[in-house]
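The chain contents come next:
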Amino acid sequence: MELTLTYILSQVFIIINYILLVISYQSKNRRCILILNIFSLTSSCISYIFLNAKTGIAMAIVSIIRNIIFILNNEENDKITKKDIGILLFIYSLCIILAIFTYETSLSLMSVFATMLYTYSVWQKSTKVYKYLGAPICLIWIIYNIYIKSLFGFILEFILMISSIIGLIKENK
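Let me sum up the structure you'll find in this document. (Residues numbered from 1 in each chain as written. Predicted model: local features only at pLDDT ≥ 70, side-chain atom pairs only at ≥ 80, totals over all residues. Heavy atoms only, no water.)

### Regarding the overall build of the protein
Then, number 1: Scanning the protein for helices and strands turns up eight helices and zero strands.
Then, number 2: Reading the protein from its N end, one meets helices and strands in the order α-α-α-α-α-α-α-α.
Then, number 3: Relative to the compact-globule value of 16 Å for 173 residues, the protein shows a C-alpha radius of gyration of 15 Å, a close match.
Then, number 4: Out of the 173 residues belonging to the protein, those deemed buried represent 50%.
Then, number 5: Taking as baseline every contact in the protein between residues at least 6 positions apart, the subset at least 24 positions apart corresponds to 72%.
Then, number 6: Accessible surface for the protein amounts to roughly 8800 Å². Of this, 74% is attributable to carbon and sulfur atoms.
Then, number 7: Side chains of the protein give 14 positive and 8 negative charges; the mean places of these two sets differ by 5 Å. (Helix = DSSP H or I, 4+ residues; strand = E, 2+ residues; numbered from the N terminus. Rg over C-alpha atoms; globule rule 2.2 N^0.38 Å. Buried < 20%, exposed > 50% of the residue type's maximum accessible area, 1.4 Å probe, protein only. Contact = heavy atoms within 4.5 Å. Areas by Shrake-Rupley, 256 points an atom, 1.4 Å probe, with all protein chains shown as cover. Lys, Arg positive; Asp, Glu negative; His and termini not counted. Charge placed at Lys NZ, Arg CZ, Asp CG, Glu CD.)

Printed below as a string of structure tokens:
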């Protein structure tokens, strides 16, 4: 890993990504979580472009699309409908199709697994699921950040994992 301008810029954008994610884990409002994540995902996507992490780029784009769909489909109903299941299956299909086209190694699939698990967590009507799955999702992203050699991604994902655990504790009080 060389300290080139490209690498430094990738790390700046990954820092912005994680600041926004930490804030999202403290929110109790699903819509707010989704909006914050659109901004964090945009920053993440830019970071992945600088790192040439093709699967990460693809999953960030799918995740932005996912969050927009979830915001637009934000119904007051707490029950999961057939439409909700269809949306989840559509997003999972996008993940799988893009994973096929961007596959590099089995470690590149970590971003796909994390994205699918994260999608499930924000697909739920309850923010509790989001907070319960935060730590396992972080562990998967840690593996991916090691794979793409994102030093700040690794460090900040660990911090995010702590933040998600704090958010979970707050949620359960």
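Continuing now.
### What to know about the packing of aromatic side chains
Then, number 1: Applying the stated criterion across every chain, the model contains six aromatic pairs.
Then, number 2: Both rings, one in Tyr 144 and one in Tyr 147, keep their centres 6.0 Å apart while their planes meet at 45°; by these two values the pair is tilted. On the criterion of helical spacing, the pair formed by Tyr 144 and Tyr 147 is a turn pair, its members being three residues apart in helix α7 (residues 134–147).
Then, number 3: Each residue in the set Tyr 48, Trp 141, Tyr 144 and Tyr 147 is aromatic and connected to the rest through ring pairs, giving one cluster. (Phe/Tyr/Trp six-rings, centres within 6.5 Å; stacked < 30°, edge-to-face > 60°.)

Such coordinate-based values are descriptive only and should not be taken to indicate function.
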